[in-house]
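Here is how the chains run, residue by residue.
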Amino acid sequence: MPLPLLVAVFCVLWSSAFAGAKMALADCPPLTLLATRLVLAGIIMLALAWLVDGRPKMRRRDVAALIFIGLLNNAVYLGLNWTALTFTSSAYTAVLTSCLPLVVALFAGPVLGERMTGLKWAGIALGLVGVVIVLRSRLAGAHETLTGTMLIACGMLALSAGTLAFKYFAPRGGVWTGNAIQCLSGGLILVPIALATESLGDIRFTANLFGGLAFLVVAVSIGGYGLWFYLLTRSSATAASSLHFLMPPLGLLFGWLLLNEAVPPLDFLGIAPIALGIWLVTRPARATAEPATTQPAST
């Protein structure tokens, strides 16, 4: 499948996950739902890994790295985001998470040895301007809370660390095996936390819950995360993470379409610099091969 098409599918799946999760969270506490999703997805992907990857040759450090990355990307990032989604809009969550490329770019040089050009920095700056415009619109209008903002921001920082760790350690094992280990590590550590902090009596077994869970397991955990780590192997961490600048407009769309969330006029103004920022950040990466895409992990 052509890479641009894979990028488009990833962006749609990833951005729709915020609205899909918020729909399912109406009938289930966040950490309970997330732990269930991750464990189910991990089990399914272990079966897929056996069929697709066979028995991959993995070192202990590969498994340890995948567990560590899974804790950052699944337990911390998603745990904080889903908790915030119980009282924030899905579009706002998508906008804040789109700051990922800025954080990754700040550390990609010293951690991964990626070269940052002037055009890349200009693109990052434009993307950030667009995000700030949307944030100002949301906070000034009292649409969101500071607590929700802090939870989402901390989750985004965890995802940034997970992205850098994946590129730095470059764990072996194939996309399906790696994603399965990450899902299971994140899900299993959330199980005791969910049982200790949430009540199973708050679960309502509705069609909305089962449909949302199925979408999150199959489309997002298996499809979206699988594509994300595949794209990370095909490009630099900075270029791949710049795709998250697409999340604000797509997040606004799915929030409005699926949840009837209001869209302030300033949100649309922020989309223009975000789109231009994506183009500037990703264009140089396609023109030249960056050595960090295959940089071996240090021992």
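Above this text sits the structure in question.
Residues numbered from 1 in each chain as written. Predicted model: local features only at pLDDT ≥ 70, side-chain atom pairs only at ≥ 80, totals over all residues. Heavy atoms only, no water.

A. Spotlight on the overall build of the protein. Secondary structure assignment for the protein yields 12 helices and 0 strands. Listing the helices and strands of the protein from first to last along the sequence gives α-α-α-α-α-α-α-α-α-α-α-α. In the protein, buried positions account for 53% of the 299 residues. Summarising the internal contacts of the protein: among those between residues at least 6 apart in sequence, 93% fall at separations of at least 24. (Helix = DSSP H or I, 4+ residues; strand = E, 2+ residues; numbered from the N terminus. Buried < 20%, exposed > 50% of the residue type's maximum accessible area, 1.4 Å probe, protein only. Contact = heavy atoms within 4.5 Å.)

B. Region of interest: the packing of helix H3 (residues 60–85) against helix H9 (residues 207–234). The contact between H3 and H9 brings their axes to 14 Å, and the two run at 130°. By the criterion of interaxial angle, the relationship of H3 to H9 is oblique. In the crossing of H3 with H9, the sense of the turn from one axis to the other is right-handed. Facing H3, whose interface residues are Ile69, Asn73, Asn74, Tyr77, Leu78 and Trp82, H9 presents Leu216, Tyr225 and Phe229. (Axes fitted to C-alpha atoms, helices over the stretch in contact; angles between N-to-C directions. Parallel < 35°, antiparallel > 145°, perpendicular 65-115°, else oblique. Left-handed = near helix turned anticlockwise from the far one by under 90°.)

C. Structural view of the nonpolar core. Formed by 66 residues in total, the largest nonpolar core has its most connected members in Trp14, Leu33, Tyr77 and Trp82. The biggest single contributor to this core is H9, with 13 residues. Aside from chain neighbours lying at most four places away, what touches Tyr77 is Trp14, Phe18, Leu72, Thr97, Gly155, Met156, Ala158, Leu159 and Tyr225. (Core = buried A, V, L, I, M, F, W, Y, C linked by side-chain atoms within 4.5 Å.)

D. Representation of the environment of Asn208 in the model. Within the secondary structure, Asn208 sits in helix H9. Residues Asn208 and Leu25, 183 residues apart in the sequence, show an inter-C-alpha distance of 9.4 Å. Each residue touching Asn208, except ones within four places of it in the same chain, is listed here: Met23, Ala24 and Asp27. Within polar-contact distance, the side chain of Asn208 engages the side chain of Asp27 at 3.3 Å. (Polar contact = N/O pair within 3.5 Å; in protein donor to acceptor, adjacent residues only side chain to side chain.)

E. Spatial organisation of helix H7 (residues 146–169). Helix length check: H7, at 24 residues, gives a terminal C-alpha distance of 34 Å against a target of 34 Å (1.5 Å per residue), a fit within 8%. Once H7 finishes, Ala170 follows within two positions and takes phi at roughly 45°, a positive value. (Expected span 1.5 Å × (residues − 1).)

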